[in-house]
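Architecture at a glance
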Amino acid sequence: TQLLEQSPQFLSIQEGENLTVYCNSSSVFSSLQWYRQEPGEGPVLLVTVVTGGEVKKLKRLTFQFGDARKDSSLHITAAQPGDTGLYLCAGNSGGGADGLTFGKGTHLIIQP
Amino acid sequence: EAGVAQSPRYKIIEKRQSVAFWCNPISGHATLYWYQQILGQGPKLLIQFQNNGVVDDSQLPKDRFSAERLKGVDSTLKIQPAKLEDSAVYLCASSSWNQPQHFGDGTRLSIL
């Protein structure tokens, strides 16, 4: 069974600070996705990383896929209250249509 | 484009009762997924359909859970009889080949 470990589980910081969320596994994934989920809603895709070492930027969010495709990180610069939410990493071990293996998520609170 | 539609949004039943959830995927999406998200955890894949055929149901508790997608479009997930540990949000997602999954807002099930 493939597992994705996310850390930290909970993070509360002040507006303007930087933060990094980690997603680690002992298994290799063909691709890894980051989702953001708000209460009462389904997960919304932020980014997909496919190539080992790949770095993608989405405004103040920077996503990195490990060289061995076993881990990933999400870095947020100058966090804002609108960034508050549950951040989930999810791995796809086979083809693009396979079901996803999710981590437990990181609950992020940005205080004004 | 219209998103993934799920109903009902909330359901409260007593243990040992039956319950059914409905999902209408994004038009043209051949692949449909059902996930279970227990409070404080990431979603867990229950079953994956490709058109009206089952691709993966390895994590579906088949003694009480069943799902169908008879015409390759809408899908229903049923639990009979429900147990206390089935309290969760049930998420439906759909995708076209090799494209990211789009999630509905889920059905929140509470078992009393």
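Since the structure is predicted, the reported quantities are computational estimates derived from the model, not experimental observations. Numbering of residues starts from 1 in every chain and runs along the sequence as written. Working convention: letters from A go to chains and numbers from 1 go to ligands, in the order in which they are written. Local features in a predicted model are, by the rule used here, given only for residues with pLDDT of at least 70; side-chain atom pairs are given and counted only at 80 or more, and totals for whole chains, interfaces and linings are based on all residues. Hydrogens and water are ignored here; the side-chain numbers use all heavy atoms of the structure.

**A closer look at the interface of chain A and chain B**
By the convention used here, residues are in contact when the closest approach between their heavy atoms is within 4.5 Å. Every contact between the two is made by 18 residues of chain A and, on the other side, 20 residues of chain B. Using a 1.4 Å probe, buried area is obtained as the accessible area two parts lose upon being combined, added over both of them. Across the interface of chain A and chain B, roughly 1400 Å² is buried in total on both sides, 52% from carbon and sulfur atoms. Whenever a carboxyl oxygen of Asp or Glu lies within 4 Å of a side-chain nitrogen of Lys or Arg, that contact is scored as a salt bridge. On the surface where chain A and chain B come into contact, there are zero salt bridges. Here a polar contact is taken to be a pair of N or O atoms separated by no more than 3.5 Å, where protein atoms must pair a possible hydrogen donor with a possible acceptor and residues adjacent in sequence count only if both atoms sit in side chains. Joining chain A to chain B, the criterion identifies six residue pairs in polar contact (both at pLDDT 80 or more).

**A look at the sheet that holds strand β6 (residues 55-58) of chain A**
Strand pairing in a sheet takes place through backbone hydrogen bonds and is either antiparallel or parallel in direction. Residues and elements named next belong to chain A. An order of β1-β3-β8-β7-β6 is seen for the five strands of this open sheet, with the pairing classed as antiparallel. Both outer strands of the open sheet, β1 (5-7) and β6, are each paired with one neighbouring strand and no more. The sheet shows a mean angle of 15 degrees between the axes of neighbouring strands, direction not considered. Between any two strands, at least two bridges found by DSSP are needed for them to pair. Numbering goes from the N terminus for both helices and strands, where a helix is a DSSP run of H or I of at least four residues and a strand is a run of E of at least two. Of the pairings in the sheet, the one linking strand β3 (residues 19-24) to strand β8 (residues 71-76) comprises six bridges and is antiparallel in character. Its bridge partner lying in β8, leucine 19 is registered against isoleucine 76. To get an axis, a line is fitted to the C-alpha atoms, and for a helix only the part in contact is used. The angle between two axes follows their N-to-C directions and goes from 0 to 180 degrees.

**Some remarks on the nonpolar core**
Counting 21 residues, the largest nonpolar core has B:Phe21, B:Trp34, B:Leu77, B:Ile79, B:Tyr90 and B:Leu109 as its most contacted members. Of all the secondary structure elements, the ones that give two or more residues to this core are β3 (19-24), β4 (31-37), β5 (44-50), β8 (75-79), β9 (88-95) and β11 (107-111) of chain B. If we skip the residues at most four places from it in the chain, B:Leu77 touches B:Val19, B:Ala20, B:Phe21, B:Trp34, B:Leu46, B:Leu60, B:Phe65, B:Ser66, B:Ala67 and B:Tyr90. Side-chain atoms within 4.5 Å are what join buried Ala, Val, Leu, Ile, Met, Phe, Trp, Tyr and Cys residues into a set we call a nonpolar core. To sort residues, take the accessible area from a 1.4 Å probe on protein chains only and compare it with the maximum for the residue type: under 20% means buried, over 50% means exposed, and anything in between is partly exposed. Grouped together as the second largest cluster of nonpolar side chains are 20 residues, A:Cys23, A:Leu32, A:Val47 and A:Leu108 included.

**Topic: the sheet that holds β3(B)**
Residues and elements named next belong to chain B. Across the sheet, four strands lie side by side as β1-β3-β8-β7; this open sheet has antiparallel pairing. Two strands close off the open sheet at either side, each with one partner strand: β1 (5-7) and β7 (65-68). Each adjacent strand pair in this sheet contributes to an overall mean axis angle of 15 degrees, direction not counted.

Worth remembering: the numbers are spatial, not functional.
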